[in-house]
Amino acid sequence: LALGIARERDVAVVLIDGDVRKAHISTSLGVEDQPGLVELVEDPGMSLRDVCLRTTVPQLFLLPAGRFNEDVPEHWASARMQTLMSELSQLDRQSIVVMD
């Protein structure tokens, strides 16, 4: 879905690998060892720019899952996660966020 949307003219897509336990998307793209969503939610000093990766598709960006740990479920319900989701929703009008 994200790839198909990214191929449209003037649309950028941020694909988030939110399945941090299995990280299928991150693994299939070879970035399973990269910092990602987990680290972004855990560390308030990090920003989307620190972990969002460019792909070979010009308008497709990937936010990898990151490294799973047992505290992840608590972070998903945190204020930091709400802030992150708010930031993602405020990207420019021609950006679409797809979360797995």
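Please read all numbers here as calculations on a predicted model, not as lab measurements.

## Some thoughts on a negative patch on the surface
Residues Glu 42, Asp 43, Asp 50, Glu 70, Asp 71 and Glu 74 make up a contiguous surface patch of negative charge. Turning to its location among the elements, Asp 71 is positioned in the loop between strand E3 (60–63) and helix H5 (72–76).

## Here we look at the sheet that holds E3
A sheet is described by the order of its strands in space; here 4 strands give the open sequence E2-E3-E1-E4, paired in mixed fashion. Looking at strand neighbours, the two that pair on one side only are strand E2 (53–54) and strand E4 (95–99), the edges of this open sheet.

## With respect to unusual backbone geometry
Glycine aside, a negative phi is what most residues show, and trans is what most peptide bonds show. Its identity is not glycine, yet Asp 10 carries a phi of approximately 65 degrees, on the positive side. Backbone geometry places Ala 23, a non-glycine residue, at a positive phi of 50 degrees. The residue Ala 23 is located in the loop between strand E1 (12–16) and helix H2 (24–28) in this model.

Rules behind the numbers
- Residues numbered from 1 in each chain as written.
- Predicted model: local features only at pLDDT ≥ 70, side-chain atom pairs only at ≥ 80, totals over all residues.
- Heavy atoms only, no water.
- Patch = residues over 30% accessible without salt bridge, like charges linked within 9 Å, V, L, I, M, F, W, Y side chains within 5 Å.
- Areas by Shrake-Rupley, 256 points an atom, 1.4 Å probe, with all protein chains shown as cover.
- Salt bridge = Lys/Arg side-chain N within 4 Å of Asp/Glu carboxyl O.
- Lys, Arg positive; Asp, Glu negative; His and termini not counted.
- Charge placed at Lys NZ, Arg CZ, Asp CG, Glu CD.
- Helix = DSSP H or I, 4+ residues; strand = E, 2+ residues; numbered from the N terminus.
- Pairing = 2+ DSSP bridges.

Geometric values such as these leave the question of function open.
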